[in-house]
Amino acid sequence: MRKLHELTWMLAATLILSQAFLASCTKDGDTIYQQDPDDQASTAPLVTVIYDPNGVGDQSYNDLIYQGVERAARQYGLRTMQLSPTTKDEGLAYLQTMFQAMDHAEDTIRRLFIVAGAGYDDYLRRNNSRLESNPYTDLLYLDTDKPLEGKGSTFYMPYYGAMYEAGAVSPAEATEVLLIGANPLARTVAEAVQGFSDGFQSSPVAPVGQPEKKIVTAWLSGDVSGGFIVSDTTAMRLMQSQQWLGDHHLLVPVCGGSATSFRRFCEMLGTYYYAGIDCTVVSAYCNFSIVKYIDRAILQCVEQWLSPAGMPKHQTFGLADGYTGVVIHPYTDESKNSFAELLSDDLRQEIHQEAIRKEAEYEK
């Protein structure tokens, strides 16, 4: 298994160099790539994405990044390489290889490296200056509110406002909420949890069922990169650990790929409705989704990168800009009365504007 990982990231290094080397070998001397001298190497710009471990396939945030990159590639004739490591060490190996390769690259191919993993933060900030000697290489680090010192651009997608709005509309569906966060150290997760809780507690929507509102917050991990993948056993145990008084329960899984497990059990057991997170979810048990349109943000950044002006050093894409939001799904027979009666267009607009104001206050 170890040798397979070595071959994987060394092959990735060869591709990153875009055929800058004639051959690449493992430490055991096995040739894993040999360029045909008669082939004409492509000089199209290359976009490479390095994700958190097992990020791609989460049917959520990371998959939207993937789609955004591929859409940009089709639109602008780019080459892409999307690297989804199985471990953090493997992801760091990709980054180490990238920096080493760029230290020696002598061609003029334009390359954009996108780092989509908070777990690499420390290593990235200690090494990004190594790219300054290569004028054809750029770096984009997602989703951080702290700009990089030295070379590289960043953007941040505050989630507080959209989650505040979601929390404010939730009492139309449920008076009791199980709010699950991946971990409290990832700022995007922590602010999403806080936003939903604040919106729920201050909601102007008359609660359906019982008048008392209750929200329980649970964290899946205490590590900054933890909680985004959990076992089905863990998900099931957490869902069954709560004792509710009423009949209307809502589960809000702010936990990346782990949300898939919670959604599956909600639909299998029928004991909770749930909120879709980061992308629109179609289900009889999901009446609304909180969406982070990071695919749009990625496309915007790639367009900026290709332009003469280049990418800004740092930028923010939030609720007021339309890059996050709440999508109310078509009413089902069961939920029609509560949403139709309690979420009029005027009330929705009132909540939306309040959420924009609250996000601006929170980000200050």
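Predicted model, so just to flag it, every value in this text is computed and none were measured.

K.L.:
Describe the overall build of the protein chain, and please don't skip the residues or the numbers.
P.N.:
A tally of regular secondary structure across the protein chain gives 11 helices and 15 strands. With 364 residues in all, the protein chain has 53% of them scored as buried. Summarising the internal contacts of the protein chain: among those between residues at least 6 apart in sequence, 72% fall at separations of at least 24. Of the roughly 16,200 Å² that the protein chain leaves accessible, carbon and sulfur atoms contribute 50%.

K.L.:
Explain the sheet that holds strand 10 (residues 249-254) residue by residue, including any values.
P.N.:
The strand order across the open sheet built from 4 strands is 9-8-10-11, with neighbouring strands paired in parallel fashion. Looking at which strands have only one partner, the edges of the open sheet turn out to be strand 9 (214-219) and strand 11 (273-274). Here strand 10 runs beside strand 11; their pairing, made up of 2 bridges, is parallel. From the neighbouring strand, Leu-250 faces strand 11, where its bridge partner is Tyr-273.

K.L.:
Talk me through the packing of aromatic side chains; I want residue IDs and the actual numbers.
P.N.:
Taken as a whole and judged by the stated rule, the model has 8 aromatic pairs. Ring geometry for Phe-196 and Phe-200: centres 6.4 Å apart, planes at 10°, overall stacked. Of this pair, Phe-196 and Phe-200 both sit in helix 6 (residues 187-201), 4 residues apart, which is roughly one turn of the helix. Each of the two residues, Phe-196 as well as Phe-200, counts as buried. In textbook terms, an aromatic cluster arises when at least three aromatic residues are bridged by ring pairs, as seen for Phe-155, Phe-317 and Tyr-323. Taking NZ or CZ as reference, Arg-110 lies 4.6 Å from the ring centre of Trp-305, over its face. Between the NZ or CZ atom of Arg-296 and the centre of the ring of Tyr-293, over which it lies, the distance is 3.7 Å.

K.L.:
Kindly report on the pairing of strand 7 (residues 153-156), identifying the contributing residues and their values.
P.N.:
Here strand 7 shows no split at all, with Ser-153 and Phe-155 on one side and Thr-154 and Tyr-156 on the other all buried. Bridge count between strand 7 and strand 14 (residues 314-316): 3 bridges; the pairing is parallel. Each residue of the ladder has a partner; that of Tyr-156, found in strand 14, is Thr-316.

How each quantity is defined
Residues numbered from 1 in each chain as written. Predicted model: local features only at pLDDT ≥ 70, side-chain atom pairs only at ≥ 80, totals over all residues. Heavy atoms only, no water. Helix = DSSP H or I, 4+ residues; strand = E, 2+ residues; numbered from the N terminus. Buried < 20%, exposed > 50% of the residue type's maximum accessible area, 1.4 Å probe, protein only. Contact = heavy atoms within 4.5 Å. Areas by Shrake-Rupley, 256 points an atom, 1.4 Å probe, with all protein chains shown as cover. Pairing = 2+ DSSP bridges. Phe/Tyr/Trp six-rings, centres within 6.5 Å; stacked < 30°, edge-to-face > 60°. Lys NZ or Arg CZ within 6 Å of the ring centre and 35° of its normal.

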